[in-house]
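An overview of the molecular structure
The primary structure of each chain is shown beneath.
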Amino acid sequence: MNMEVKMKALTLLIILLVCLNLTALSNTSSINRVPKITNQFSNKLSFIERNKPYTKNICTNYAIKPGEKLSVYNVNGSIKFIGWNKNYIKITAIKRTYHNCNYLNDIHMTLNTLNGLNIRTVSTSKDCRARIDYVINVPKDTLFGEVYSKEKIKFKNLPNDIMNNILVLSNR
């Protein structure tokens, strides 16, 4: 037998076996299998969605005047203050949501400059874990007003006399 004929016969045999296998698979009940696969897949998506947040970083600067106080009210999220040798405040706000990236638009950082600089987090998000974590670089001689957060509040590279005059309202 010619080698070309043998290859054609082998190819036809493989095609026949694949067709038989597909026919056998189509005759089995797949009604019970599909929901399990779908449920497992959707559960994995939910798991990923819950544990890996959608994020958006916002960065802004504020030239603080001598005697002005900095106050921060952050219901959900941490606050980290870092002292530095510049004469302005740099605010980095990291917005996080876990269910839907569109919820990033429902959590806001508001700045009020009537009596110093007041930073407040406002959330209308349906995601109960939506939050803003702040990293705030401040001049080392900054005066602090009230600082509120249910999460961690950290201070780094600030003089002790400044640290002793900070009114921390809550820190769980």
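1. A word on the pairing of strand E6 (residues 117-123)
In this structure, strand E2 (residues 69-74) lies alongside E6, joined through 4 bridges in parallel fashion. Paired with Ser71 across the strands is Asn118, a residue of E6. Here strand E5 (residues 107-112) pairs with E6 via 6 bridges, running antiparallel. For Thr110, the partnering residue across the bridge sits in E6 and is Arg120.

2. Thoughts on a nonpolar patch on the surface
A surface patch of nonpolar side chains, amounting to about 510 Å² of accessible area, comprises Met3, Met7, Leu10, Leu13 and Ile14. Mapped onto the fold, Ile14 is located in helix H1 (residues 3-27). A relative accessible area of 49% means that Ile14 is categorised as partly exposed.

3. Points about the layout of surface pockets
For the largest pocket, the calculated volume is near 190 Å³. Around the largest pocket sit Ser71, Val72, Tyr73, Thr110, Asn112, Asn118, Ile119, Arg120, Glu146, Val147, Tyr148 and Leu169, which together line it. Of all the elements in the fold, those that place two or more residues in the lining of the largest pocket are E2, E5, E6 and strand E8 (143-149).

4. A look at the pairing of E2
In this structure, E2 lies alongside E8, joined through 5 bridges in parallel fashion. By the bridge assignment, Lys69 is partnered in E8 with Leu143.

5. Side note on the environment of Gly67
Along the chain, the position of Gly67 falls in the loop between strand E1 (54-62) and E2. Separated by 49 residues in sequence, Gly67 and Gly116 have C-alpha atoms that sit 8.2 Å apart.

Criteria and thresholds
Residues numbered from 1 in each chain as written. Predicted model: local features only at pLDDT ≥ 70, side-chain atom pairs only at ≥ 80, totals over all residues. Heavy atoms only, no water. Pairing = 2+ DSSP bridges. Helix = DSSP H or I, 4+ residues; strand = E, 2+ residues; numbered from the N terminus. Patch = residues over 30% accessible without salt bridge, like charges linked within 9 Å, V, L, I, M, F, W, Y side chains within 5 Å. Areas by Shrake-Rupley, 256 points an atom, 1.4 Å probe, with all protein chains shown as cover. Salt bridge = Lys/Arg side-chain N within 4 Å of Asp/Glu carboxyl O. Buried < 20%, exposed > 50% of the residue type's maximum accessible area, 1.4 Å probe, protein only. 1 Å grid on protein atoms, 1.4 Å probe; cavity = no way out; pocket = protein on both sides within 12 Å on 5 of 7 lines; lining within 4 Å. Points joined across faces, edges and corners; volume = space filled by probe spheres on them.

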